[in-house]
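One-letter residues, chain by chain:
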Amino acid sequence: MSTTIGELVASHPFMAGLSADDLALVVGCARNTVFQPGDLLCVEGASADTFYLIRRGRVSIDVHAPGRGSIVIETVGPGDVVGWSWLVPPYRWTFDARARDPVGAIAIDGACLRNKAGADPALGFALLSRVSTELLARLQATRMRLLDLYGDHSER
Amino acid sequence: MAKSNNPSVSSKVQLGEVVVLRLDGLDSLVARLTALGFETKGPVVRDGAVVPGPITGVADLPVGVHDEQAPGSYRLTRGDDGRLFDWAVGPGSWKAEFFPPSQEVWRAVKVGDSMQFTESAPLAPLAIVGARPCETAALDVLDRVLKDGAHRDPVYADRREGAFVAVVECATPASTCFCSSMGTGPGIEGGFDLALTEIDDARGHRFVVRAGSDAGVEVLSVLAHEEALDEDLEARGRVLDQAAARMGRQLQTEGLASLLARNVEHPRWADVAERCLSCANCTLVCPTCFCSDVRDTSDLDGTLERRRVWSSCFDLEHSYLHGGAVRTSASSRYRQWMTHKLSTWWDQFDTSGCVGCGRCIAWCPVGIDITEEAAFIAASDGATPANAVSKASAP
Amino acid sequence: MTPVVHRVVGRIQETDDVTTLCLEPVTGARMDFRPGQFNMLSAFGVGEAAISLSSAPGDRGPLRHTVRDVGAVTRALCQRDVGDLIGVRGPFGSDWQVPQRTVGTAVKDVRDTVVIAGGIGLAPLRGAVHELVAASHGGGGRVFLLVGAREPSQLVFNDDMEAWARDGARVLVSVDRASPQWHGRVGLVTALLSDAGFDPANCRALLCGPEIMMRFTARALVDMGVAPEAILVSLERNMQCGLGWCGHCQLGPFLLCRDGPVVPYAGIVSQLLTERER
């Protein structure tokens, strides 16, 4: 029994609560995709024309440094979103995103969704609210990690 | 025409019975306690203050000594009267007699492949003649911390339980005193072996004495005493009434614990921090402050020693946690001290941590007054730093 | 205040600055304790420090204490070798209230337990996880262990975590800084919550780690629907006696050596954790 792309999009936590009409608009820009371990979902510097709703498997957000290889900044997994750069000019990826496991994801065409959101502010707001919620959670987590919580702060 | 007291006799008194002792009787009391093997102590004048010290008789007591106390101020004066207890409490409290400022806990040496510990020897039993009601109240507060909790401090508890306490009711509270607000004075109705009230009127210089324990009964029975007359009881009542009337300060205790608990962000804490020197005087003179440090040292001969020494919540190190102190600001340390005394002490020990002795007011070098701070917060309940600023900047 | 002399019978170098000491009393029986409680450990001649027990009461082995070198006393403790003597006073304080392993009786508490540890915060929880995993095989609820650490080299009890996972616990680990060899998760420990799979409406949560981490994690749990009353946190303040006498471990209404270290997050604790300088 196969699942339709519409059902996949509707069941992803990022899209929870979206109206049927809005969902239909999103589904029009979405396709199902898979990645093998090591595959890149996004490449630093490349044009950011797609973002991903992760369904299964883990994805690392990396940055490459000479002599250090790929440094993993964060890992994300099922229910998470990969990619924000499609939303704001100049639409260019800042980090790499790499599949750590076999990854199942919904790829959404950023330009397609931008156009639809631009034409339909209600959809735009609904999407932006979701993006903001995710971004805020990531920003807060990043700030917490900047604190070096578990570090040794003694004066030994 | 006033009746005269019956001639002095030594006869068995009953628990709760009231008798009269003259000065020679008080002398005999001190001698009797010492003869019973007690280390007998009472108020003495030392370094310009009335403090606990060894006594052998009435002559060692602060004869004709009076005091003038105010925020940040304590002075003794001398009168030509022969009264012994016409002063309010000085900087030294009886706490130190039970919970010494520095105390060896144990010594240890390595023996074979283990250690051998010697715990500090018990102190001689103590008899106090001339503790104030607020001071026995303070010892009752300390009992809850060091004696009656889940863990009994044996040195403190043994000395406390073996102590003989003759209280002298307070006739002349200082301007810094507020024991009547705290229900701890100027009179006392229980928790003593003997309770004395000093009276010096037309019928002579004498003490109205009540026995509050079997030990008190035993000691009093062998002293030359007189039957107390109605006039003596009335005289005692007048002393206590006058004392209550001249109480210099008051503290509104109703709802105080919750008032402070809900005002932890009150701007007054920052205000008091501007004045507070974090000198810890208040905690050192306080008869209930119990904080201590545990310190280990080793001698060159390999002997290890553990000591317990007084510490203070005004000390930055007090709240040290790996990485630094938790309470870094003077405002948080003053708040800790005052909210502990008047609020969280109730949570921890089901009593107030303050007995109203006023020492922290007199001995604060800048005269910070716990009653004034409490009253200020009560009058501005709910203020926050934010609304204090907006008030200040309002046209 | 006189300690019971124990001998170091084993030591495990957990990380660069974390050492587990295995202790047996020189004479007499091993102490009884509950997971979450602590002892005052004496490095003779240097001083005493409050250190949680990291063994499980049901274990037959020696008492374990996992110590991080953060000061003079903890450094001296970490430097003690097998055969050396250490003074032990305790056990003190409250515990995690995990189901007791009792032979022949079914465990009554079938709630999920989510154990969340940050860094060395796993030490006071180790005994609890042992007991919970054992209880889960006797009818107790599922066990979820979420661990955060700065970097992989700072993780303690790796063998235990593997064993717990084999025994049915769901173990998720996340680090702040990944090494090239690290193939696990990278990110804040709270990011593990949504992935863990426990039932927020029917669980208990045990938290130990840096205070900021506990604060944010407890809030995230409440946001997920976990009852504040079902969240326990282990708090830390300066402790010098363990007996409720020294006054150093005050936090608002608590004397943490007596009323803690393990306290419910609900009510006053959630407030205290957000107040400055308490």
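Residues numbered from 1 in each chain as written. Chains lettered and ligands numbered in written order. Predicted model: local features only at pLDDT ≥ 70, side-chain atom pairs only at ≥ 80, totals over all residues. Heavy atoms only, no water.

**Details of the overall build of chain C**
Along its length, chain C carries seven helices and 15 strands. Relative to a compact globule of 278 residues, whose C-alpha radius of gyration would be 19 Å, chain C shows 18 Å and is just as compact. Each principal axis of the C-alpha distribution contributes one length, and for chain C these read about 50 × 45 × 40 Å. Burial status across chain C gives 61% buried among its 278 residues. Of the contacts formed within chain C by residues at least 6 apart in sequence, a portion of 70% connects residues at least 24 apart. Here chain C has roughly 9,900 Å² of accessible surface; of this, 48% comes from carbon and sulfur atoms. Looking at charge distribution, chain C has the averaged site of its 27 positive side-chain charges lying 2 Å from that of its 29 negative ones. (Helix = DSSP H or I, 4+ residues; strand = E, 2+ residues; numbered from the N terminus. Rg over C-alpha atoms; globule rule 2.2 N^0.38 Å. Buried < 20%, exposed > 50% of the residue type's maximum accessible area, 1.4 Å probe, protein only. Contact = heavy atoms within 4.5 Å. Areas by Shrake-Rupley, 256 points an atom, 1.4 Å probe, with all protein chains shown as cover. Lys, Arg positive; Asp, Glu negative; His and termini not counted. Charge placed at Lys NZ, Arg CZ, Asp CG, Glu CD.)

**Examining the sheet that holds strand 2 (residues 18–25) of chain C**
All names here are of chain C. An order of 4-3-6-1-2-5 is seen for the six strands of this open sheet, with the pairing classed as antiparallel. The two strands at the open ends of the sheet, each matched to only one other strand, are strand 4 (47–52) and strand 5 (63–68). Averaged over all pairs of adjacent strands, the angle between strand axes in this sheet comes to 40 degrees, irrespective of strand direction. Sheet topology places strand 1 (residues 4–15) next to strand 2; eight bridges connect them, and they run antiparallel. Opposite Arg7, over in strand 2, you have Glu24 as the bridge partner. (Pairing = 2+ DSSP bridges. Axes fitted to C-alpha atoms, helices over the stretch in contact; angles between N-to-C directions.)

**Structural notes on the interface of chain A and chain C**
At the junction of the two partners, chain A supplies 17 residues and chain C supplies 26 residues. For the pair chain A and chain C, the summed buried surface comes to about 2,000 Å²; carbon and sulfur atoms form 55% of the total. Counting across the chain A and chain C interface gives four salt bridges. Measuring nitrogen to oxygen at the nearest pair gives 3.3 Å for the salt bridge that ties C:Asp195 to A:Arg58. Remark: the boundary between chain A and chain C carries six residue pairs in polar contact (both at pLDDT 80 or more). Where the side of chain A that touches chain C is concerned, the elements lending two or more residues are strand 5 (69–76) and helix 4 (121–146) of chain A. Per-element accounting of the side of chain A that touches chain C gives the leading share, four residues, to strand 5 of chain A. Taken together, the residues of the side of chain A that touches chain C break down into seven nonpolar, three polar and seven charged. (Buried area = accessible area lost by both parts, 1.4 Å probe. Salt bridge = Lys/Arg side-chain N within 4 Å of Asp/Glu carboxyl O. Polar contact = N/O pair within 3.5 Å; in protein donor to acceptor, adjacent residues only side chain to side chain. Nonpolar A, V, L, I, M, F, W, Y, C, P; charged D, E, K, R; others polar.)

**Quick notes on the interface of chain B and chain C**
Taken residue by residue, the interface counts 46 residues in chain B and 37 residues in chain C. The interface formed by chain B and chain C holds two salt bridges in total. Residue C:Arg7 is joined to B:Asp113 by a salt bridge in which the shortest nitrogen-to-oxygen separation is 3.5 Å. Applying the counting rule to chain B against chain C returns 24 residue pairs in polar contact (both at pLDDT 80 or more). For the side of chain B that touches chain C, the secondary-structure elements that each account for two or more residues are strand 6 (102–111), strand 7 (114–119), helix 3 (133–146), strand 13 (292–298), strand 14 (304–310), strand 15 (320–321) and helix 11 (330–349) of chain B. A total of eight residues in the side of chain B that touches chain C trace back to one element, the largest contributor, which is helix 11 of chain B.

**Considerations on the sheet that holds strand 8 (residues 126–131) of chain B**
The strands that make up a sheet pair up through hydrogen bonds in the backbone, lying either parallel or antiparallel. Residue and element names in this part refer to chain B. Sheet architecture is open: eight strands sit in the order 3-2-8-9-10-11-1-12, paired in mixed fashion. Edge positions in the sheet fall to strand 3 (49–54) and strand 12 (226–227), since each has one partner strand and no second. Summarising the sheet, strand 2 (residues 39–46) and strand 3 pair through six bridges and their orientation is antiparallel. Opposite Val45, over in strand 3, you have Val50 as the bridge partner. Of the strands in this sheet, strand 1 (18–22), strand 10 (194–201), strand 11 (204–211) and strand 12 are in contact with helix 7 (residues 230–245), which crosses strand 10 at around 90 degrees.

**Regarding the packing of helix 11 of chain B against helix 13 (residues 370–379) of chain B**
Residue and element names in this part refer to chain B. Contact pair helix 11 / helix 13: the axes reach a minimum separation of 12 Å and the direction vectors enclose 90 degrees. Between helix 11 and helix 13, the interaxial angle falls into the category roughly perpendicular. Here Tyr334, Trp337, Met338 and Leu342 of helix 11 come into contact with helix 13, specifically with Ile370, Glu373 and Ala374. When the residues that make up the contact of helix 11 with helix 13 are grouped by side-chain class, the tally is six nonpolar, no polar and one charged. (Parallel < 35°, antiparallel > 145°, perpendicular 65-115°, else oblique.)

**Some remarks on the packing of aromatic side chains**
Residues and elements named next belong to chain B. Following the criterion strictly, the structure yields 19 aromatic pairs over all chains and no others. Here the aromatic rings of Phe99 and Trp310 are separated by 6.0 Å at their centres, their planes lie at 45 degrees, and the arrangement is tilted. Residue Phe99 is found in the loop between helix 2 (95–98) and strand 6, and its partner Trp310 is found in strand 14; the two are separated by 211 residues along the sequence. Exposure remark for Phe99: the relative accessible area of 1% places this residue in the buried category. Ring-pair connections join several aromatic residues into one group, and the members of that group are Trp269, Phe314, Tyr334 and Trp337. (Phe/Tyr/Trp six-rings, centres within 6.5 Å; stacked < 30°, edge-to-face > 60°.)

**Digging into the state of the cysteines**
Within the structure shown, the criterion is met by one disulfide over all chains. Residue A:Cys29 pairs covalently with A:Cys112 via a disulfide, S to S 1.8 Å. Here A:Cys29 and A:Cys112 share a disulfide; its torsion about the S-S bond, -70 degrees, makes the bridge left-handed. Pair noted here: A:Cys29 is in the loop between helix 2 (20–27) and strand 1 (30–35) and A:Cys112 is in helix 3 (residues 110–119), with a separation of 83 residues, a long-range link. For A:Cys112, a relative accessible area of 21% puts it in the partly exposed group. With no disulfide partner, B:Cys134 has as its closest neighbouring cysteine sulfur the one in B:Cys357, 5.5 Å distant. (Disulfide = S-S within 2.5 Å.)

**Some thoughts on the domain arrangement of chain C**
You'll often see interface size given as the accessible area lost when the parts meet. All names here are of chain C. Annotation of chain C at the domain level lists domain 1 (4–92) and domain 2 (112–234). Measuring from the centre of the C-alpha atoms in domain 1 to the corresponding centre in domain 2 gives 24 Å. With 17 residues of domain 1 at the interface, the matching set in domain 2 holds 13 residues. Summing both sides of the interface, domain 1 and domain 2 together bury roughly 1,200 Å²; the carbon and sulfur share of this comes to 55%. Counting the surface domain 1 buries against domain 2, the share from its top three residues, Glu14, Thr15 and Ser54, is 29%. At the junction of domain 1 and domain 2, the tally comes to two residue pairs in polar contact (both at pLDDT 80 or more). Of all elements in the fold, only strand 1, strand 2 and strand 5 reach the threshold of two or more residues within the side of domain 1 that touches domain 2. With three residues, the single largest contributor to the side of domain 1 that touches domain 2 is strand 5. Partitioning the side of domain 1 that touches domain 2 into residue classes produces five nonpolar, eight polar and four charged. (Domains from an automatic or database assignment.)

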